[in-house]
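# Survey of secondary and tertiary structure
These are the residues of each chain, in order.
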Amino acid sequence: MNQKVGNFPGVTVDKKTGFTTLNNGEKVKVVDLPGTYSIYAKSSDEQVVTDILLDPENKNYPDVLVVIADASNLKRNLLLFSQVIDLGIPTVLALNMVDLADRMGKGVVRRNIEKEYKLPVVKVNARRGEGIYELKEVLSHSINKPERAFLDVIELVGANLRSKLDRSKQPPYIKLHQLIRDKEISETEAQAIQTKDARTQNYHLEHS
């Protein structure tokens, strides 16, 4: 594919689809989603991401999700990473711009992240095409679902929502976001949940 890219949301405004061959010879479809820092959509392009990741029946729902994170601003990117882990999607973290992070004194120790999150982490340099072979090698093997969630959804909701989550066949975190997306939760309560969610996720990230 020959697409315009950038290290900030808003460059891709709709999903782009292409194909590639992994190191084991398997041909796979790659769906490039618009950039976002959170699954709480605030624009139409971010809504594309939310609609796909919250719907396991969507034809573009990923078998494996590759989260591309800016290593020089890792905390901002890890919120999305922690949220997709709580959605239960098999995930690989690709750390881009590691060279810039090193120059800024924000070097990232990949093994520490892998050990903490129990998920594969690959360093890439998209501008120079570095790390793509290693990423394809990781994707050539089975990626397990996350072993643990970052947070207990019950921390985010009141008693009035717990029964809906308990009755759902979907994982609680997916169901909660579906309720917010479908406006089955008042706007005021949805905003309160979103604020608490971000704060709780960031707390766990800072203390992990």
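Residues numbered from 1 in each chain as written. Predicted model: local features only at pLDDT ≥ 70, side-chain atom pairs only at ≥ 80, totals over all residues. Heavy atoms only, no water.

## Topic: the nonpolar core
- The biggest cluster of nonpolar side chains holds 43 residues, and the ones touching the most others in it are Leu-53, Leu-93, Leu-95, Leu-176 and Ile-193.
- For this core, the element with the most residues is helix α2 (residues 74-86), which contributes 6 residues.
- If near-sequence neighbours (up to four positions away) are discounted, Leu-176 is found in contact with Val-153, Leu-156, Val-157, Leu-165, Ile-185 and Ile-193.
- Among the nonpolar cores identified, the runner-up in size contains 6 residues, and Val-92, Ala-94, Leu-135 and Ile-143 belong to it. (Core = buried A, V, L, I, M, F, W, Y, C linked by side-chain atoms within 4.5 Å. Buried < 20%, exposed > 50% of the residue type's maximum accessible area, 1.4 Å probe, protein only. Helix = DSSP H or I, 4+ residues; strand = E, 2+ residues; numbered from the N terminus. Contact = heavy atoms within 4.5 Å.)

## What about unusual backbone geometry?
- Located in the positive-phi region is Met-97, a residue other than glycine, with phi close to 60°.
- When you line up the elements, Met-97 lands in the loop between β4 (91-96) and α3 (98-103).
- Even without being a glycine, Lys-183 presents a positive backbone phi close to 60°.
- With respect to the helices and strands, Lys-183 occurs in the loop between α7 (172-181) and α8 (187-206).

## Describing the pairing of strand β1 (residues 16-21)
- Bridging between β1 and strand β2 (residues 27-32) involves 6 bridges; their strand directions are antiparallel. The partner of Phe-19 across the bridge, within β2, is Lys-29.
- Following β1, the chain reverses through 5 residues before pairing antiparallel with β2; Gly-25 in that reversal takes a positive phi of roughly 90°. (Pairing = 2+ DSSP bridges.)

## A look at the sheet that holds strand β3 (residues 65-70)
- What the 3 strands build is an open sheet, ordered β3-β4-β5; its pairing is parallel. Strand pairing shows two members of the sheet lacking a second neighbour, β3 and β5 (121-123), which therefore form its edges. Sheet twist, expressed as the mean angle between neighbouring strand axes with direction ignored, is 25°.
- Note: β3 against β4, 6 bridges, orientation parallel. By the bridge assignment, Ile-68 is partnered in β4 with Ala-94.
- On top of the sheet, helix α4 (residues 110-117) reaches β4 and β5; it is set at about 160° to β5, its chief contact. (Axes fitted to C-alpha atoms, helices over the stretch in contact; angles between N-to-C directions.)

## Overview of the environment of Ala-41
- Here Ala-41 shows up in the loop between β2 and α1 (44-53).
- A relative accessible area of 30% means that Ala-41 is categorised as partly exposed.
- In this structure the C-alpha to C-alpha distance between Ala-41 and Asp-51, which are 10 residues apart in sequence, comes to 9.2 Å.
- In this view, Ala-41 contacts Glu-46, Gln-47 and Thr-50; residues no more than four positions away in its chain are not counted.

## Some points on the environment of Leu-53
- With respect to the helices and strands, Leu-53 occurs in helix α1.
- We classify Leu-53 as buried; its relative accessible area is 2%.
- Separated by 121 residues in the primary sequence, Leu-53 and Ile-174 have C-alpha atoms spaced 8.6 Å apart.
- With residues near it in sequence (within four places) discarded, Leu-53 still touches Leu-33, Ile-39, Tyr-61, Pro-62, Leu-65, Val-84, Leu-87 and Ile-89.

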